[in-house]
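# Coordinate analysis (summary)
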Amino acid sequence: MAPVMGTVPVPGSPTGLTGLCPLAGPSPTSSIHVYTQREVYGTVGSHVTLSCSFWSSEWISEDISITWHFQAEGSRDSISIFHYAKGQPYIDDVGSFKERMEWVGNPHRKDGSIVIHNLDYTDNGTFTCDVKNPPDIVGKSSQVTLYVFEKVPTRYGVVLGSIIGGALLLVAVVVALVYLIRYCWLRRQAALQRRLSAMEKGKLQRSAKDASKRSRQAPVLYAMLDHSRGTKAASEKKAKGAPGDSRKDKK
């Protein structure tokens, strides 16, 4: 017990003065914190781990104790089903867990977990984990509710998460397809533009070549035309002069 200062009468004091003397009083205690899951699901015939962890400001002492209680579904009574003390685990004979319970905790790792094998519908209920680590003994126990099913139901959060995930995946696929189609279209347009540019360039080159050929052929054509005109004129002259010559010959 820690000493506490108090006032008591001082013997032999003529004025009845009081002095300070140590008085016995309770020592302050720390608070221990216990943590479990809120809900655990299992199927008939399988096993489930009931996790229990704790935090203590004190070193783990040899006097640490861990206790599990069980309150069946629909019952008001709670029974002790497991107890750990003096470094040894004890499974209580009360209830139907004696042959189906396994200690998997380690107090030095701040773990007080147990495993229940061969689950049955009668295991539905609330399990309470309580830890004491003297002098750290003040604290609140923690509870976990066990639900045993023929098949573990799909939780609403899992379904909702799957729906949201599927929707986001679908949106991502659609966006990717839109970008892919746009990319292919732009690439095709660029290729078509290059082809049209090449065709226009080729047309311009052919036009230039044709114009060059025509410019070289024009003098030749003009010369041929002049030659044909001269030949024609000479033929006409000759044709006009031919009748007179024939009359002279006759004379």
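Residues numbered from 1 in each chain as written. Predicted model: local features only at pLDDT ≥ 70, side-chain atom pairs only at ≥ 80, totals over all residues. Heavy atoms only, no water.

Formed by 26 residues in total, the largest nonpolar core has its most connected members in L50, F54, W68, I81, F127 and V131. Among the elements of the structure, β3 (31-36), β5 (48-50), β6 (52-55), β7 (65-72), β8 (79-85), β11 (114-116), β12 (125-132) and β14 (142-149) are those that each provide at least two residues to this core. (Core = buried A, V, L, I, M, F, W, Y, C linked by side-chain atoms within 4.5 Å. Buried < 20%, exposed > 50% of the residue type's maximum accessible area, 1.4 Å probe, protein only. Helix = DSSP H or I, 4+ residues; strand = E, 2+ residues; numbered from the N terminus.)

On to the sheet that holds β12, then. Sheet architecture is open: six strands sit in the order β4-β14-β12-β7-β8-β9, paired in mixed fashion. Unpaired on one side and paired on the other, β4 (39-43) and β9 (88-91) mark the two borders of the sheet. Across the sheet, the mean angle from the axis of one strand to that of its neighbour is 20 degrees, orientation sign disregarded. (Pairing = 2+ DSSP bridges. Axes fitted to C-alpha atoms, helices over the stretch in contact; angles between N-to-C directions.)

The tally for this structure, following the rule as stated, stands at one disulfide. Here C52 connects covalently by a disulfide to C129, the sulfurs 2.0 Å from one another. Judged by the sign of its S-S torsion, about -75 degrees, the bond between C52 and C129 is left-handed. Taken together, the positions of C52 in strand β6 and C129 in strand β12 put the pair 77 residues apart, joining distant regions of the chain. We note that C52, like C129, is buried. (Disulfide = S-S within 2.5 Å.)

Bridge analysis of β4 against β14 gives five bridges, and the strand direction is parallel. Bridge pairing in β14 links V40 to L146. Relative to β14, β12 runs antiparallel, the two sharing five bridges. Of the residues in β14, the one forming a bridge with G125 is L146.

To continue, consider the environment of E102. The topology assignment puts E102 in strand β10 (residues 101-103). Not counting residues up to four positions away in its chain, the partners in contact with E102 are I114, V115 and H117. Here the side chain of E102 touches H117 through a polar contact of 2.8 Å, side chain to side chain. (Contact = heavy atoms within 4.5 Å. Polar contact = N/O pair within 3.5 Å; in protein donor to acceptor, adjacent residues only side chain to side chain.)

Attention shifts here to the pairing of β9. Of the pairings in the sheet, the one linking β8 to β9 comprises four bridges and is antiparallel in character. Bridging across to β9, Y84 finds its partner in P89.

Here the protein averages 79 in pLDDT, while 70% of its residues score no lower than 70. Here residues 1-27 is modelled with pLDDT under 50, and outside its nearest four sequence neighbours on either side it reaches 30 contacts, counting other chains as well. (pLDDT = per-residue confidence, 0-100.)

Tracing the backbone through its elements, the reader meets I66 in strand β7. In contact with I66, other than residues within four places in its own chain, are F54, F82, H83, Y84, W103, P107, D111, G112, C129, D130 and V131.

This paragraph deals with the sheet that holds β11. Here three strands make up an open sheet; going across it, the order is β5-β11-β10 and the pairing antiparallel. The open sheet is flanked by β5 and β10, the only strands paired with a single partner. The mean angle between the axes of side-by-side strands here comes to 25 degrees, regardless of whether they run parallel or antiparallel. As paired elements, β10 and β11 share three bridges and run antiparallel to each other. If you follow M101 over to β11, its bridge partner there is I116.

For the rest of this paragraph, the subject is unusual backbone geometry. Of note, the bond from P134 into P135 is cis; its omega dihedral lies within 30 degrees of zero at 5 degrees. The residue P135 is located in the loop between β12 and β13 (138-140) in this model. Phi at K110 is positive, roughly 60 degrees, even though this residue is not glycine. Along the chain, K110 falls in the loop between β10 and β11. Since its relative accessible area comes to 28%, K110 is described here as partly exposed.

Glancing now at the environment of D123. Tracing the backbone through its elements, the reader meets D123 in the loop between β11 and β12. Counting along the chain gives 50 residues from D123 to E73, while the straight-line C-alpha distance between them is 8.2 Å. With residues near it in sequence (within four places) discarded, D123 still touches F70, S96, F97, R100, I116, N118, L146 and V148. Here the side chain of D123 touches R100 through a polar contact of 2.8 Å, side chain to side chain. Of the polar contacts made by the side chain of D123, one reaches the backbone nitrogen of D120; its length is 2.9 Å.

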